[in-house]
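Here's the letter readout for the chains.
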Amino acid sequence: MDKTGIYEKCGISKEVYEFGEKILYNLRDRFSGIDETAEYNQLKVINAMRQCRVSEACFTPSSGYGYNDIGRDTLEKVYAKVFSTEDALVRPQMTCGTHALSVALSSQLRPGDNMVSITGKPYDTLEEVIGIRKSVGSLSEYGITYSQVDLKADGSFDLEGIKAAIRPETRLVAIQRSKGYQTRPSLSVGSIGEAIRYVRSLRDDIIIMVDNCYGEFVDTVEPSDVGADMTVGSLIKNPGGGLAPMGGYIAGKKECIEKAAYRLTSPGLGKEVGATLDLNRTLFMGLFLAPTVTASALKGAIFAANIYEKLGFSVIPNSTEKRCDIIQAVTLGSERAVRAFCEGIQSAAPVDSHLTPEPWDMPGYDSPVIMAAGAFVSGSSIELSADGPIKPPYAVYFQGGLTWQHAKLGILTSLQKLCDEKIVDIYI
Ligand SMILES: *Cc1c(COP(=O)(O)O)cnc(C)c1O
């Protein structure tokens, strides 16, 4: 079918479109591998819903204390099945990924305990949760100590370092699957499993928590399948499937989930309270869509990697590497290029396409950051979005795409902007 006409209406020149088609032609095998993973995960989710007998009654709103909210309780059972865990806590009351991680950590740790991150510096917002950066209410204020073992230069776990860091008072080991906004590689579930086995060989009573943000459904196994006691993430990323308007989850051992629930609500109340208003239907439906939505985002990330690598930019992961999360970093080398890239993503969005993103001084960052997002759910990063700190090496981090077709348009529009501004030349 000739689609150049409709692409032209969307502002994509014939040259840019055809450049994209050439790149895509060579990605057929990668894409079919992603579809295989999505098929497996789709069945995993449907099977969990069947086994838990999800029914129309699960979509009934609850209010007040939310006692006997069967939708909420069933959704938690479904998550536990999908993640192969004993139990799960899946709540809109967990406001975001950071909050879910904060609940997971603070529910297991007691004064005098030590936690060790074995994947180096954790995600920015966790620095304040832990107290690496001084902040009110941090774990550090409660007398919980923190140590860190960096990954080795090749991105693998530093086993010697881990052995040296684990002390008698170490109660919890934290692992972060995705690189977040760092340049290290993201970790495969396989390598996370090896690290978990190693930690267990040293001490079998340590709680192992995995920050699973951006990793859900990228593989057919999750960190919980390879021994993590708690697997934690955000519902406005992969597992919410773009429909969840808020929330976080913790899937894990019964005892860990119980403690997390008592921390989230209140001692004595735990999982029994927590009205879901009218959200259950969207949380179920989002989980149902999550495997294919994640596949769309992955296709977009791989398409972008291949386009920009071909044009001579440094991309992480590179065009052929195995994917462990949905984030794609592209080092563009100048402020002008970062702006043009983000303007392209913004103008291809279904919402707020008429706005021009501008860099601003975001709290917690040491340089202005430009963000492109035209999302149905505010701040959702399973929707097509990009952001880049305005400082060398001028990299943009790109993720999401509820549909592959939208991700494709966004990436082609970014390329069109870079061509229009004569920053890249696709005719060479
Ligand atoms: C996004 C993210 C978080 C925090 O999630 P928020 O929903 O933004 O609070 C934590 N860790 C990683 C690796 C993430 O990607």
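*Asks:* Talk me through the nonpolar core; I want residue IDs and the actual numbers.
*Replies:* Of all hydrophobic cores here, the largest spans 58 residues; its most connected members are F303, I307, Y308, L332, F341 and L415. Elements with a contribution of two residues or more to this core: α2 (14-25), α3 (28-51), α10 (280-310), β9 (328-331), α11 (335-347), β10 (369-373), β12 (395-399) and α12 (404-420). Broken down by element, the residue count for this core peaks at 10 residues, all from α10. Counting residues in each nonpolar core, the second largest holds 26 residues, with L126, L172, A174 and C256 among its members.

*Asks:* Residue-level account of the site of the ligand, with values.
*Replies:* Surrounding the ligand, one finds C96, G97, T98, L101, Y123, Q176, D211, C213, Y214, S234 and K237. Note that an oxygen atom of the ligand is positioned 2.8 Å from one of the backbone N or O atoms of G97. Separating an oxygen atom of the ligand from a side-chain N or O atom of K237 is a distance of 3.0 Å. Look at the ligand: alone it shows 380 Å² of surface, and the protein chains cover 90% of it. Of the residues belonging to the shell around the ligand, the class tally is five nonpolar, four polar and two charged.

*Asks:* Could you give an account of the sheet that holds β12, naming the residues involved and the relevant values?
*Replies:* With antiparallel pairing, the five strands of this open sheet are ordered in space as β8-β9-β12-β11-β10. The open sheet terminates on both sides in strands that have one partner only, identified here as β8 (314-316) and β10. Taking each pair of neighbouring strands and ignoring which way they run, the sheet shows an average axis angle of 15 degrees. Pairing between β10 and strand β11 (residues 385-389): five bridges, direction antiparallel. Counterpart to I370 in the pairing with β11 is G388. This element, α11, spans β10, β11 and β12 of the sheet and lies at about 20 degrees to β10.

*Asks:* Mind laying out the domain arrangement of the protein, listing which residues take part and the relevant values?
*Replies:* Domain assignment breaks the protein into domain 1 (4-41 + 291-420) and domain 2 (54-287). Distance from the C-alpha centre of domain 1 to the C-alpha centre of domain 2: 27 Å. Each partner contributes residues to the interface: domain 1 has 28 residues there, and domain 2 has 27 residues. Here domain 1 meets domain 2 over a buried area of about 2300 Å², counting both sides, of which 61% is carbon and sulfur. For the pair domain 1 and domain 2, the interface holds one salt bridge. In this structure, D219 engages K322 in a salt bridge whose closest nitrogen and oxygen atoms are separated by 3.8 Å. Summed over the shared surface of domain 1 and domain 2, the number is eight residue pairs in polar contact (both at pLDDT 80 or more). Elements supplying a minimum of two residues to the side of domain 1 that touches domain 2: α3, α10 and β12. With four residues, α10 is the largest single contributor of residues to the side of domain 1 that touches domain 2.

Rules used in this analysis
- Residues numbered from 1 in each chain as written.
- Predicted model: local features only at pLDDT ≥ 70, side-chain atom pairs only at ≥ 80, totals over all residues.
- Heavy atoms only, no water.
- Core = buried A, V, L, I, M, F, W, Y, C linked by side-chain atoms within 4.5 Å.
- Buried < 20%, exposed > 50% of the residue type's maximum accessible area, 1.4 Å probe, protein only.
- Helix = DSSP H or I, 4+ residues; strand = E, 2+ residues; numbered from the N terminus.
- Near = heavy atom within 4 Å.
- Polar contact = N/O pair within 3.5 Å; in protein donor to acceptor, adjacent residues only side chain to side chain.
- Areas by Shrake-Rupley, 256 points an atom, 1.4 Å probe, with all protein chains shown as cover.
- Nonpolar A, V, L, I, M, F, W, Y, C, P; charged D, E, K, R; others polar.
- Pairing = 2+ DSSP bridges.
- Axes fitted to C-alpha atoms, helices over the stretch in contact; angles between N-to-C directions.
- Contact = heavy atoms within 4.5 Å.
- Domains from an automatic or database assignment.
- Buried area = accessible area lost by both parts, 1.4 Å probe.
- Salt bridge = Lys/Arg side-chain N within 4 Å of Asp/Glu carboxyl O.

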